Every structure is written in C-alpha cells, then in structure tokens.
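A closer look at the structure
Here is how the chains run, residue by residue.
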Amino acid sequence: MQITVTVNGQPHSVDVAPNRLLVDLLREDLKLTGTHLGCDTSQCGACMVLLNGDAVKSCTLLAVQLDGASVTTIEGLADGETLSPVQEAFRDAHGLQCGFCTPGMVISITDLLAKNPHPSEDEIRHWLEGNICRCTGYQNIVKAAQLAATKQAASA
Amino acid sequence: MYDFDYAKPQSLQEAQDLVGEDKKLLAGGQTYLPTLRQRLAMPEMLIDLNAIDVLKGICEADARVSIGAMTRHAEVAASALVQKMVPGLATLAGGIGDPAVRHRGTLGGSLANNDPSACYPAAALALNATIHTSKRSLEANDFFQGLFTTALDEDEIISHVTFPAAPCAYMKFKQPASGFALAGVFVCRLEGSFRLAVTGAGQDGVFRWSQAEDALNADASFRDFKALELEPDMIEDMHADADYRRNLVQVATQRVVQALAQL
Ligand SMILES: Cc1cc2nc3c(=O)[nH]c(=O)nc-3n(C[C@H](O)[C@H](O)[C@H](O)COP(=O)(O)OP(=O)(O)OC[C@H]3O[C@@H](n4cnc5c(N)ncnc54)[C@H](O)[C@@H]3O)c2cc1C
Ligand code: FES
Ligand code: FES
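Attention in this report is confined to the structure presented alongside it. These numbers come from a predicted model, not from an experiment.

Looking only at helices and strands, chain B has eleven helices and twelve strands in total. Scaling as 2.2 N^0.38, a compact globule of 263 residues should have a C-alpha radius of gyration of about 18 Å, and chain B matches this with 18 Å. Here the C-alpha coordinates of chain B stretch approximately 55 × 45 × 30 Å along the principal axes. Scored against the burial criterion, the 263 residues of chain B give a buried share of 58%. Put simply, of all contacts in chain B between residues at least 6 apart along the chain, 58% involve residues at least 24 apart. Carbon and sulfur atoms make up 47% of the accessible area of chain B, which amounts to about 10700 Å² in all. The centroid of the 23 positive side-chain charges in chain B is displaced by 7 Å from the centroid of its 33 negative side-chain charges.

See the structure below:
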C-alpha cells in the first residue's frame, strides 16, 4: 500500500505491505538504524520514536497506520552537529554503557521534558517504566534526565 | 507476522460492514499486534479504528462520564472531568503499562480483550459501567464472561462506555516487567453501597468480591479482609502462587478501601 509519512521533517512516499512494522520501515527501508529492536513483547522500549510528539513503540505500530503522520526518530533530534539537550546530557552524565537502550531512553525523556519540564526523580523513574536498560542500573540515566531538565530551564 | 489485508474505515458504519469472522478490529494495537507478531492469530483483514472520530473523546452526560472506545489511556488519565467524577478511573488509566502503551492503548480494546490481568475490567465491573456497542447497550455485570471472553459478538464494535460519577479508588500490585496487575482492586460507593472488583487474580478473570462488599455495607469501617473468604480459584504463575496472590488481593483491598475513606 502506498503511504506518505514525514520522518524527521522529510516526507517519504513508500509502498509498504500491511504487515510491515514501523520499526522495519525505519530500519530497513529508510536505513534509519538508530531505532533499535530489542524484544518481541512490546516491553523493552528500545524502539521508541515520537509519533506526532508522543513516545510510542515502533514495534507495536504498522507502517500503514502512519499514512499522513509525522515521526521523529533518534536521528532527528540533533541539529546538524549540535546534539539536543537530552543527548548532550546523556553524554555529560554518562547515561549509557552499551548504548542499546539509549535511543529509546533519549526519545522517552525528550517526550517527558516536553510535557513536564521540571519532573521530580520519582516522576522520571515512573516515566521510564517502559524503557529497559540491562547495563546502567538506571542511576545515570535518571541523572541525565535531571541534567537535561536543568539545562533546558537555563536556556529557556 | 502472517500476511493480511488492511482497511482504515472513516465511519463506524463502514467498519461495521467490514468486521466479521476473520476480519478483526485494530484499536491501539498494544495487545493485538504483539499477538500477531507471535503468530498467535491469523486474521484475513485488520480493520483499523483509528480514523473514526466518533469513537474518540470524553464528555459528561446525565451525571455520567462517557468515554469513546478509541480514547487512549493517557487521555483518560489526564482528563479533569474523569478526575473529578470518577477519580479511581483516572488513577487506573495513569497506571497502565508505561507512557508509550498509554499513548496508544484504548478503553475499548482493553474491555474487548478482557485479559484476566487488565485494569479497566475492574473499574467497569465495580461501577457497573454501560458498554455501548454498534448493536446494543450492555451492563458490565453481564459483559465479562471469563478469561478473554465477553458478551460481544464477533462483528460487534464497542462505541463508547459510560461510567456513573462515584467516589472510587483503584490500587494494584504490578507485575514489574509489564505493569499488568498481579492483583488489582477497584472499590466504589454506588448509591450508598460498596462495590468491589478484583482483577489479576481470579482464574476466570475479573470478579466481584461479595464477602468484602457485604462486610463493608454492614460496617464501612471494616478492615479485616484477611478474615474473609475469597472464593474464586487464584491464578498461579511464575510471578505469584495462589496463596501469595490471595494475600495480595487482601492487602490491596485494605489499602484501597482506606484510600476511598480518605477521599
Ligand atoms: C508493555 C505493556 C504493558 C501493559 N500493561 C497493562 C497494564 O498494566 N494494565 C492493563 O490493563 N493493560 C496493560 N496493557 C494492555 C494495554 O492496556 C492494551 O492497550 C489493551 O489491553 C488493549 O487495547 P488496545 O487499544 O491496544 O487494543 P488492540 O490490541 O488493538 O485490540 C485488542 C482486542 O480488542 C479488540 N477490539 C479493539 N477495539 C475494539 C472495539 N472498539 N470493539 C470491539 N473490539 C475491539 C481487537 O479486535 C482485539 O481483539 C499493557 C500492554 C503492554 C504492551
Ligand atoms: S522492540 Fe519495541 S518494545 Fe521492545
Ligand atoms: S546501556 Fe546497555 S542496555 Fe542500557
């Protein structure tokens, strides 16, 4: 089926089979491999992208459903060489180890800070319930979210 | 995933004309798409309800809150109207899964699926919500019919659900990986009487705990729920055996009844 979807500001007209997942459209057809596929059960959050601004799991959406929609992936957050505040905070707070969960974490926290610019530690931890990390123990991920919130407040 | 056809009807009538034995509805997809990925179902066609605007949104009607079947969990959680009129329902919706699940998952999908560990069935049953479909209106009392089974016909579409305004509260012990209820209890006071529904625990899905309701109706300050009989067979799985689950139901009931008293 022919669909038009805007990915990171760029419209794409693509022909997709109804059973193609959004994550496969992104990774295989559009070669945007920053979005990761980590599980078969919609539980890990590695595949999160922003759909019309909300964090969603791209493994749990069909590509055909996205006709006319706007998607932002991890590749769409930086402005050229300038990292987004959340990306920068992950680097500065050492918010990643292997990096597998990181794209989903960054997308998820980007969504959180857009809706709640001053989250408490508790709110951050609850928000991240759908993002599993097997390396960090979450401490520095939470710190990165806090650092990004502080930076965004300072630059606003 | 097996191959299937896909349709995105713009009206309820169009969806109604399509739906049938092997032509299945797709709402938030948070249950059905993982099912398809695991090849546990093989529909001929998916009928995506996401473009049908009349199925979305929340409004007040005759001292009840009416919620469209395609309303997302996140929207129910954030609704000032729901928070005011049916507070426990807002708490419940805000605790489903995680933010990404709440951004897609819908009320209609959750009720139609009737997962024994899902949250919404407990609220619908305790409040005796009215489930409006493309064919008729059903009371929640008659809607849930055991594990993943409801009164819905194969070609019946939930359009909206109305909940009475009532003081109410929900609490669950979560299965940590998914957030589904290991034991979840919804309690409300409806026309003066307590009604209490339990999810996550019963082998036949959501149920009303009548002994607890009777005890509360006799004495609203009753709290010794561990002394009461809990009849249904409990789910036993890797997360919790039957005795542990029974205990979680009793503790959740104590806490949620206390929370209701403090509203
Ligand atoms: C990681 C994860 C965690 C979760 N945690 C929880 C939790 O804590 N608590 C909880 O309650 N749930 C939880 N869920 C389930 C979630 O709430 C689902 O969104 C919900 O159960 C199904 O709703 P859906 O809109 O996604 O429906 P879909 O998956 O699209 O559909 C489910 C079923 O309902 C049918 N259906 C859908 N809409 C209608 C309609 N209007 N009329 C008739 N039939 C219809 C479909 O044909 C399908 O059979 C979780 C899911 C995931 C992936
Ligand atoms: S790959 Fe989507 S949630 Fe795990
Ligand atoms: S950094 Fe390795 S999974 Fe999170």
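Text resumes after the structure shown.
Attention shifts here to the pattern of salt bridges. Taken as a whole, this structure holds 19 salt bridges over all chains when the rule is applied. A salt bridge links A:Asp29 to A:Arg20; the shortest N-O distance between them is 3.0 Å. Classification of A:Asp29 as partly exposed rests on a relative accessible area of 36%. Here A:Arg20 falls in the partly exposed class, since its relative accessible area comes to 21%. Of the charged contacts in the structure, one is a salt bridge between A:Lys115 and A:Asp54, with a shortest N-O distance of 2.6 Å. Linking A:Lys115 in helix 3 (residues 102-115) with A:Asp54 in strand 4 (residues 54-57), this pair joins segments that are 61 residues apart in sequence. A residue is classified by how much of its surface remains accessible, and A:Lys115, at 45% relative accessible area, is partly exposed. Three or more residues are tied together by salt bridges with common partners; here these are B:Lys135, B:Arg136, B:Asp153, B:Asp155 and B:Glu156.

Phi is positive for B:Asp62, close to 50°, though the residue is something other than glycine. Here B:Asp62 lies in the loop between strand 4 (58-61) and strand 5 (64-68).

This next bit is on the environment of B:Gln83. Residue and element names in this part refer to chain B. In this structure, Gln-83 sits in helix 4 (residues 80-85). The exposure class of Gln-83 is partly exposed, given its relative accessible area of 41%. When near neighbours in sequence (up to four residues on either side) are disregarded, Gln-83 contacts Ala-77, Ala-78 and Ala-90. Of note is the side chain of Gln-83, whose polar atom sits 3.0 Å from the backbone oxygen of Ala-77.

Residues and elements named next belong to chain A. Taken N-terminus to C-terminus, the directions of helix 2 (residues 85-92) and helix 5 (residues 139-155) make an angle of 130°; their axes are 8 Å apart at the nearest point. Between helix 2 and helix 5, the angle is such that the two are oblique. Between helix 2 and helix 5 lies a crossing of right-handed hand. Contacts from Pro-85, Val-86, Glu-88, Ala-89, Phe-90 and Asp-92 in helix 2 reach Ile-141, Ala-144, Leu-147, Ala-148, Lys-151 and Gln-152 in helix 5. Of the residues belonging to the contact of helix 2 with helix 5, the class tally is eight nonpolar, one polar and three charged.

Here we take up helix 5 of chain A. Residues and elements named next belong to chain A. Between its first and last C-alpha, helix 5 extends 25 Å over 17 residues, near the 24 Å set by a 1.5 Å rise per residue. Among the residues making up helix 5, those that are buried are Ile-141, Val-142, Ala-144, Ala-145, Ala-148 and Ala-149. Seen from one end, helix 5 has its buried residues packed into an arc of 155°, which puts them on one side. Seen from the open side of helix 5, the exposed residues pointing more than 90 degrees away from its buried face are Thr-150 and Ala-154. Summarising the contacts, the buried residues of helix 5 are in contact with helix 2, helix 3 and helix 4 (121-127).

Turning our eyes to something else, we now look at the interface of chain B and chain A. With 28 residues of chain B in contact, the opposing surface of chain A contributes 27 residues. Contact between chain B and chain A buries roughly 2200 Å² in total, counting both sides, with carbon and sulfur atoms accounting for 55%. Considering only the surface of chain B that becomes buried against chain A, B:Tyr6, B:Arg37 and B:His103 emerge as the three largest contributors, covering 29% of it. At the boundary of chain B with chain A, the tally comes to three salt bridges. A salt bridge links A:Glu129 to B:Lys174, with the nearest nitrogen and oxygen atoms 3.2 Å apart. Linking chain B with chain A are eleven residue pairs in polar contact (both at pLDDT 80 or more).

Before going further, it helps to spend a moment on the side chain of A:Lys57. Position of A:Lys57 among the secondary structure elements: in strand 4. Engagement of the side chain of A:Lys57 in a polar contact is seen with the backbone oxygen of A:Ser42, the distance being 2.7 Å. Within the structure, the side chain of A:Lys57 is placed 2.7 Å from the side chain of B:Asp98, a separation counted as a polar contact. Each residue touching A:Lys57, except ones within four places of it in the same chain, is listed here: A:Ser42, A:Gln43, A:Cys47, A:Met48, A:Gly130, B:Asp98, B:Ala100 and B:Val101.

This part is about the sheet that holds strand 11 (residues 193-199) of chain B. Residue and element names in this part refer to chain B. Within the open sheet, the four strands sit side by side as 9-10-11-12. Their pairing is antiparallel. Strands at the two margins of the open sheet, each flanked by one partner only, are strand 9 (168-174) and strand 12 (207-208). Bridge analysis of strand 10 (residues 181-190) against strand 11 gives seven bridges, and the strand direction is antiparallel. When the bridges of strand 11 are listed, Gly-184 appears paired with Thr-199. Here helix 5 (residues 87-94) sits on the sheet and contacts strand 9 and strand 10; the angle it forms with strand 9, its principal contact strand, is near 25°. Running over the sheet, helix 10 (residues 210-218) touches strand 11 and strand 12 and is turned about 155° from strand 11.

Conventions we followed
- Residues numbered from 1 in each chain as written.
- Chains lettered and ligands numbered in written order.
- Predicted model: local features only at pLDDT ≥ 70, side-chain atom pairs only at ≥ 80, totals over all residues.
- Heavy atoms only, no water.
- Helix = DSSP H or I, 4+ residues; strand = E, 2+ residues; numbered from the N terminus.
- Rg over C-alpha atoms; globule rule 2.2 N^0.38 Å.
- Buried < 20%, exposed > 50% of the residue type's maximum accessible area, 1.4 Å probe, protein only.
- Contact = heavy atoms within 4.5 Å.
- Areas by Shrake-Rupley, 256 points an atom, 1.4 Å probe, with all protein chains shown as cover.
- Lys, Arg positive; Asp, Glu negative; His and termini not counted.
- Charge placed at Lys NZ, Arg CZ, Asp CG, Glu CD.
- Salt bridge = Lys/Arg side-chain N within 4 Å of Asp/Glu carboxyl O.
- Polar contact = N/O pair within 3.5 Å; in protein donor to acceptor, adjacent residues only side chain to side chain.
- Axes fitted to C-alpha atoms, helices over the stretch in contact; angles between N-to-C directions.
- Parallel < 35°, antiparallel > 145°, perpendicular 65-115°, else oblique.
- Left-handed = near helix turned anticlockwise from the far one by under 90°.
- Nonpolar A, V, L, I, M, F, W, Y, C, P; charged D, E, K, R; others polar.
- Expected span 1.5 Å × (residues − 1).
- Arc of directions from axis to C-beta.
- Buried area = accessible area lost by both parts, 1.4 Å probe.
- Pairing = 2+ DSSP bridges.

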